[in-house]
Amino acid sequence: MESKTDQKNSNPFVNALLTDLYQVSMAYAYWSIGKHEQRSCFDLFFRKNPFKGEFTVFAGLEEALKFVKNFKFTKEMLTKMKKKFSWPEKFWDWLGTLDSSQVKIYAMPEGSVCFPRCPLMRVEGPLAVCQLLETTLLCLINYPALVCTNAARHRLAAGKDKILLEFGLRRAQGPDGGMSASRYAVMGGFDGTSNVEAAIEYGLECKGTHAHSFVTAFSGLDDVKDKDIAGKGVDFVAMVLKWRKQLKKETTNDGELAAFISFAQAFPKRFLALVDTYDTINSGCWNFICVSLALSELGFKPIGIRLDSGDLAYLSVECRNIFKKISSEHKVAFEKLAIVASNSLSEDIIHDLNRQGHEIDSFGVGTNLVTCKTQPALGCVYKLVELEGKPRIKISQEVAKVTIPGRKNIYRLYNKDGEPVLDMLRATSEGDPKENEKILCRHPFNAQKRVYVTPSKVEPLLKLVFDSGVIKIDLPPVKVIKARVWQQLQQMRSDHLRKMNPTPYKVSLSENLYTYMHKLWQEGVPIHEIS
């Protein structure tokens, strides 16, 4: 368990004031009628998987727990609120006494693969306090889970062995969006970020090369004032020009070559150049080769190139062929130099590149990752499911919006091959299902959809994570959660994860919970009379 210092909110905006007005209004109404201390239970869940897929990755738990632990209306906050809203002084006094000391939270481990209708978090405590937590908890879970899922989908598209880099800070929805995107992109499967502050704050790998502006800042070789490199006492420019003449590539762009020489002088041990400023094949790639051959003579190993425009599949293959040709003719190990691609990449484009055939080693993904352009919101909700020990149900003409009442646990049932076959919700009063015993599992809304499962393994998914003002679990670093995400994805059947027409994963109710839910449903809907 982390120290108290580590359990403070890292974002100053995350506090009790980060809420919707109607939460405070409801708290006032509860308080004014003496209902505020009734014991309540809320479920935080979502109704539909994002990105037209059939899985979601749960993220944001650490930030949510830190918020709950530090939940408090300070005197300064109350002073600000009094200037804006008119409520009785006794209400303000009561609001100032609230904290999370009577709150209990059960949640899935962060990084868990999860599915619709399954509670990601079960929040128990005084009605008014739990109500006041709603908006902030949803804010802290919705975007992280969405980005983490998006990142996981990019990882599945790229494959295990490709390098994925998050380049989205400049396109993110403000500083908070940029910081969150970097953290949860790496959690979902990316290898690093260009975001310096996020890399420092969250212990992430920080990666980056240079922009086109660095190349266009040089107009010719006269811009290279210092001919030496790394204190070697050599004329590095002459060495590069010797290779350009030997390779018969003297028509390449001089300004670009000067930029590459200067970048290599600054970073001789990690020379990676952006080669598409003028002409990728006829200038950029060959200028990179000339500088790299000179570096190789001096014992330095170049890293590779970045492509940021054009037909990425074709250009990557052509550049790889050049690398192989140079390797063979000049006995240098260039055939496996890295090829990094960027330029508005997305999950769909990576799948397209795979179908076309490419030689890309690393993908830099920005806008489509951090903005979640194809689906900008996950749609988590927070619903009251029990009050004073009595299950509560929300009924709607839209069946998907009918809630599953009562305090529930979730269990993942595995088949004999060790694969998850479904997640089952059971009332906490039912106890745990047992391995190797036949269990009837019911679809929540379709009476005809039911199945018997004899699980070889039963995994409870909800763990006690917060109780009486104390975070009850260790808060692991991003890399540990990232490993959990991959391990969870590897457990799932491939047809649940595929891009095209994925198979829906089953979420079922126990027989008792199904029967009780439908009893409450019928009791809650009046019977119309036709005459």
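Quantities reported herein were computed from a predicted structural model and do not represent experimental measurements. (Residues numbered from 1 in each chain as written. Predicted model: local features only at pLDDT ≥ 70, side-chain atom pairs only at ≥ 80, totals over all residues. Heavy atoms only, no water.)

## Some words on the overall build of the protein chain
Then comes step 1: Counting its regular elements, the protein chain contains 17 helices and 21 strands.
Then comes step 2: Considered along the principal axes of its C-alpha atoms, the protein chain spans approximately 95 × 60 × 50 Å.
Then comes step 3: Split into buried and exposed, the 531 residues of the protein chain put 53% on the buried side.
Then comes step 4: Within the protein chain, contacts between residues separated by at least 24 positions form 74% of all contacts whose residues are at least 6 apart in sequence. (Helix = DSSP H or I, 4+ residues; strand = E, 2+ residues; numbered from the N terminus. Buried < 20%, exposed > 50% of the residue type's maximum accessible area, 1.4 Å probe, protein only. Contact = heavy atoms within 4.5 Å.)

## Side note on the pattern of salt bridges
Two side chains that carry opposite charge are able to pair once their charged atoms sit near each other.
Then comes step 1: Considering all chains together, one arrives at 25 salt bridges under this definition.
Then comes step 2: Through salt bridges with shared partners, a single ionic network connects Glu 62, Glu 63, Lys 66 and Arg 183. (Salt bridge = Lys/Arg side-chain N within 4 Å of Asp/Glu carboxyl O.)

## Re the domain arrangement of the protein chain
Then comes step 1: Annotation of the protein chain at the domain level lists domain 1 (21–151 + 375–524) and domain 2 (158–371).
Then comes step 2: Counting residues at the interface gives 18 residues for domain 1, matched by 23 residues for domain 2.
Then comes step 3: Across the domain 1/domain 2 interface, buried area totals approximately 1,800 Å², and carbon plus sulfur atoms make up 58% of it.
Then comes step 4: Here domain 1 and domain 2 share five salt bridges between them.
Then comes step 5: Of all the elements in the fold, those that place two or more residues in the side of domain 1 that touches domain 2 are α2 (61–69), α5 (127–158) and α15 (478–491).
Then comes step 6: Broken down by element, the side of domain 1 that touches domain 2 gets its largest block of residues, six residues, from α5.
Then comes step 7: Taken together, the residues that form the side of domain 1 that touches domain 2 break down as eleven nonpolar, two polar and five charged. (Domains from an automatic or database assignment. Buried area = accessible area lost by both parts, 1.4 Å probe. Nonpolar A, V, L, I, M, F, W, Y, C, P; charged D, E, K, R; others polar.)

## What about helix α1 (residues 21–32)?
An α-helical turn contains 3.6 residues, so a residue and the one three or four places further along point in the same direction.
Then comes step 1: Helix length check: α1, at twelve residues, gives a terminal C-alpha distance of 17 Å against a target of 16 Å (1.5 Å per residue), a fit within 8%.
Then comes step 2: In this structure, the buried residues of α1 make contact with α3 (75–84), α4 (89–95) and α5.
Then comes step 3: One or two positions beyond α1, positive phi appears at Gly 34, with a value near 75°. (Expected span 1.5 Å × (residues − 1).)

## What about the sheet that holds strand β5 (residues 121–126)?
Then comes step 1: The antiparallel open sheet is built from seven strands, whose spatial order is β13-β12-β1-β5-β3-β19-β20. Every interior strand has two partners, whereas the edge strands, β13 (390–391) and β20 (470–471), have only one.
Then comes step 2: Along the sheet face, α5 touches β1 (39–45), β5 and β12 (381–387) and points at about 150° away from the line of β5. (Pairing = 2+ DSSP bridges. Axes fitted to C-alpha atoms, helices over the stretch in contact; angles between N-to-C directions.)

## Digging into the UniProt feature "domain: Nicotinate phosphoribosyltransferase C-terminal" (unreviewed entry) in the protein chain
Then comes step 1: According to UniProt, the positions carrying the feature "domain: Nicotinate phosphoribosyltransferase C-terminal" (unreviewed entry) are residues 407–515.
Then comes step 2: Taken end to end, residues 407–515 has its terminal C-alpha atoms 15 Å apart, with 21% of it in helix and 36% in strand. (UniProt positions renumbered as here; feature names shortened; annotations may be inferred.)

## Topic: the packing of α5 against helix α6 (residues 174–188)
Each pair of packed helices gets described by two things: the angle between the helix axes and the distance between those axes.
Then comes step 1: Look at α5 against α6: their axes get within 8 Å of each other, and the N-to-C directions meet at 45°. By the angle class used here, α5 and α6 are oblique. Here α5 and α6 pass one another in a crossing that is right-handed. Contacts between α5 and α6 involve Tyr 143, Pro 144, Val 147, Cys 148, Ala 151, Ala 152 and Arg 155 on the former and, on the latter, Gly 177, Ser 180, Ala 181, Tyr 184, Ala 185, Met 187 and Gly 188.
Then comes step 2: The residue makeup of the contact of α5 with α6, split by class, is ten nonpolar, three polar and one charged. (Parallel < 35°, antiparallel > 145°, perpendicular 65-115°, else oblique. Left-handed = near helix turned anticlockwise from the far one by under 90°.)

## Things to note about the pairing of strand β14 (residues 408–414)
Then comes step 1: For β14, the tally of buried residues reaches seven of seven residues, placing the bulk of the element in the interior.
Then comes step 2: The two faces of β14 match: Lys 408, Ile 410, Arg 412 and Tyr 414 on one face and Asn 409, Tyr 411 and Leu 413 on the other face are all buried.
Then comes step 3: As judged from the seven bridges shared by β14 and strand β15 (residues 420–427), these two strands associate in the antiparallel manner. Paired with Ile 410 across the strands is Leu 425, a residue of β15.
Then comes step 4: Between β14 and β15, which follow one another and run antiparallel, lie five residues, and Gly 418 among them has a positive phi close to 80°.
Then comes step 5: Alignment of β14 against strand β18 (residues 457–460), held across four bridges, turns out to be antiparallel. Note on β18: the bridge partner recorded for Tyr 411 is Pro 460.

## Quick look at the UniProt feature "domain: Nicotinate phosphoribosyltransferase N-terminal" (unreviewed entry) in the protein chain
Then comes step 1: The UniProt record annotates "domain: Nicotinate phosphoribosyltransferase N-terminal" (unreviewed entry) at residues 17–142.
Then comes step 2: The span residues 17–142 shows a helical share of 43% and a strand share of 17%, and its end C-alpha atoms are spaced 18 Å apart.

## Overview of helix α10 (residues 254–266)
Then comes step 1: Spanning 13 residues, α10 covers 18 Å between terminal C-alpha atoms, matching the ideal 18 Å at 1.5 Å per step.
Then comes step 2: Of all 13 residues that make up α10, eleven are buried, and the element is covered over most of its length.
Then comes step 3: Taken together, the buried positions of α10 are Gly 255, Glu 256, Leu 257, Ala 258, Ala 259, Phe 260, Ile 261, Ser 262, Phe 263, Ala 264 and Gln 265.
Then comes step 4: Buried residues along α10 sit against α8 (212–216), α9 (236–246), β8 (272–274) and α11 (280–297).
Then comes step 5: Where α10 starts, the residue carrying a side-chain oxygen 3.0 Å from the main-chain nitrogen of Gly 255 turns out to be Asn 253. (Polar contact = N/O pair within 3.5 Å; in protein donor to acceptor, adjacent residues only side chain to side chain.)

## Brief notes about the sheet that holds β14
Then comes step 1: Taken together, the six strands give an open sheet; going across it, the order is β17-β16-β21-β15-β14-β18, and neighbouring strands pair in mixed fashion. Two strands close off the open sheet at either side, each with one partner strand: β17 (450–453) and β18. On average, each strand axis in the sheet is inclined to that of its neighbour by 35°, with strand direction left out of account.
Then comes step 2: Sheet topology note: the β15/strand β21 (residues 506–510) ladder contains four bridges and is parallel. Across the sheet, Asp 423 pairs through a bridge with Val 507, a residue of β21.
Then comes step 3: On the sheet, helix α17 (residues 511–524) packs against β14, β15, β16 (439–442) and β21 and is oriented at approximately 80° with respect to β21.

## Observations concerning the packing of aromatic side chains
Then comes step 1: Tallying each qualifying case throughout the model produces 21 aromatic pairs.
Then comes step 2: Judged by centre distance (6.0 Å) and plane angle (80°), the ring pair of Phe 67 and Phe 71 falls under edge-to-face. For the pair formed by Phe 67 and Phe 71, the shared burial category is buried.
Then comes step 3: Cluster of aromatic residues (ring-pair linked, three or more members): Tyr 28, Trp 31, Phe 85, Trp 87, Phe 91, Trp 92 and Trp 94.
Then comes step 4: Of note, Lys 438 hangs over the ring of Tyr 452, and the distance from its end group to the ring centre comes to 4.6 Å.
Then comes step 5: One cation-aromatic arrangement involves Arg 442 over Tyr 514; the distance from NZ or CZ to the ring centre is 3.9 Å. (Phe/Tyr/Trp six-rings, centres within 6.5 Å; stacked < 30°, edge-to-face > 60°. Lys NZ or Arg CZ within 6 Å of the ring centre and 35° of its normal.)

## Re the packing of α1 against α5
Then comes step 1: Orientation of α1 relative to α5, taken along the N-to-C sense of each, is 175°, at an axis distance of 9 Å. Taken together, α1 and α5 sit at an angle that is classed as roughly antiparallel. Residues Tyr 22, Gln 23, Val 24, Met 26, Ala 27 and Tyr 30 of α1 touch α5, and the partners they reach there are Leu 127, Ala 128, Gln 131, Leu 132, Glu 134 and Thr 135.
Then comes step 2: Classifying every residue of the contact of α1 with α5 by side-chain character gives eight nonpolar, three polar and one charged.

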